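Fold and geometry: a report
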Amino acid sequence: MAGEAPELSAQERAGKAFPVSWDQFHRDCRALTWRLNEVGPFHAVIAITRGGLVPAAIVARELGVRIIDTVCIASYDHDKQGELQVLKGISDAAMELGGGTGKGLLIVDDLVDTGKTGKLVRDMLPDAHFATVYAKPKGRPLVDTFITEVSQDTWIFFPWDTALSYHPPLRDGAA
Ligand SMILES: O=P(O)(O)OC[C@H]1O[C@H](OP(=O)(O)OP(=O)(O)O)[C@H](O)[C@@H]1O
Ligand code: HPA
Ligand SMILES: [Mg+2]
């Protein structure tokens, strides 16, 4: 409709930027593992792809877990959230390890934002432990263990989505 304000992306709504380096991400994943070590042991790690793959690898390595499965879910096209699509479900072997309800399984994702993705996976594995590296307030109640809370109006930039680039000096009007 003419005159209607254009829809803002999640990132535009977020406003504040929280860039995370590889180093910082690795440190945060290790910190997450320290907490998870008190909760386990776990039979297997279930990574919510794609963002959960990197923390899942680090956490599984630190916890000595060798069985890793994926649940492949897409909803954001860059920063616009659409319908959640389950592209691949949890394997029968992992389901069996978790006794059908996820008991003893560890679900890992990079973050919860609105919590929609986390809720979908929690519903598949109600007894699993759900861990994320970062959590925004809306999704936080879904997570059992996380490391850093960021405000809902913050957009997290992960190292695999970013690259080093030239930044003009403040004097020249840089933000
Ligand atoms: O709490 P929510 O609002 O549901 O958002 C969180 C989810 O969004 C991102 O995944 P995305 O759908 O962008 O896919 P990707 O992991 O492949 O990047 C992120 O990795 C989480 O899985
Ligand atoms: O803050 C975010 N950063 C990157 N991906 C995301 N997907 C949902 N929220 C975010
Ligand atoms: Mg994801």
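How each quantity is defined
Residues numbered from 1 in each chain as written. Chains lettered and ligands numbered in written order. Predicted model: local features only at pLDDT ≥ 70, side-chain atom pairs only at ≥ 80, totals over all residues. Heavy atoms only, no water. Pairing = 2+ DSSP bridges. Helix = DSSP H or I, 4+ residues; strand = E, 2+ residues; numbered from the N terminus. UniProt positions renumbered as here; feature names shortened; annotations may be inferred. Patch = residues over 30% accessible without salt bridge, like charges linked within 9 Å, V, L, I, M, F, W, Y side chains within 5 Å. Areas by Shrake-Rupley, 256 points an atom, 1.4 Å probe, with all protein chains shown as cover. Salt bridge = Lys/Arg side-chain N within 4 Å of Asp/Glu carboxyl O. Lys, Arg positive; Asp, Glu negative; His and termini not counted. Charge placed at Lys NZ, Arg CZ, Asp CG, Glu CD. Buried < 20%, exposed > 50% of the residue type's maximum accessible area, 1.4 Å probe, protein only. Core = buried A, V, L, I, M, F, W, Y, C linked by side-chain atoms within 4.5 Å. Contact = heavy atoms within 4.5 Å. Polar contact = N/O pair within 3.5 Å; in protein donor to acceptor, adjacent residues only side chain to side chain.

Below, the discussion takes up the pairing of strand E3 (residues 68-77). Bridge count for strand E2 (residues 44-49) against E3 is 5 bridges, and the pairing is parallel. Each residue of the ladder has a partner; that of Thr 49, found in E3, is Cys 72.

Here we take up the UniProt feature "binding site: Mg(2+)" (unreviewed entry) in the chain. Using the residue numbers shown here, the UniProt feature "binding site: Mg(2+)" (unreviewed entry) corresponds to Asp 110. With respect to the secondary-structure elements, Asp 110 resides in strand E5 (residues 105-112).

With that settled, consider a positive patch on the surface. Together, Arg 13, Lys 80, Lys 116 and Lys 138 make up a positively charged patch on the protein surface. A residue is classified by how much of its surface remains accessible, and Lys 116, at 48% relative accessible area, is partly exposed.

Grouped together as the largest cluster of nonpolar side chains are 23 residues, with contacts concentrated most on Phe 25, Leu 32, Leu 36, Val 45, Leu 106, Tyr 134 and Ile 156. Residue assignment for this core shows that the elements contributing at least two residues are helix H2 (22-37), E2, helix H3 (53-63), E5 and strand E6 (129-135). Setting aside its immediate chain neighbours within four residues, Ile 156 contacts Phe 18, Val 20, Leu 111, Tyr 134, Lys 136 and Val 150. With 18 residues, the next largest nonpolar core counts Ile 48, Leu 105, Ile 107 and Ala 135 among its residues.

Our next topic: the side chain of Arg 122. Mapped onto the fold, Arg 122 is located in helix H5 (residues 116-124). A distance of 2.7 Å separates the side chain of Arg 122 from the backbone oxygen of Ala 128, its partner in a polar contact. Sequence-distant contacts of Arg 122, that is, excluding residues within four places in its chain, are made with Ala 128, Phe 130, Leu 142 and Asp 144.

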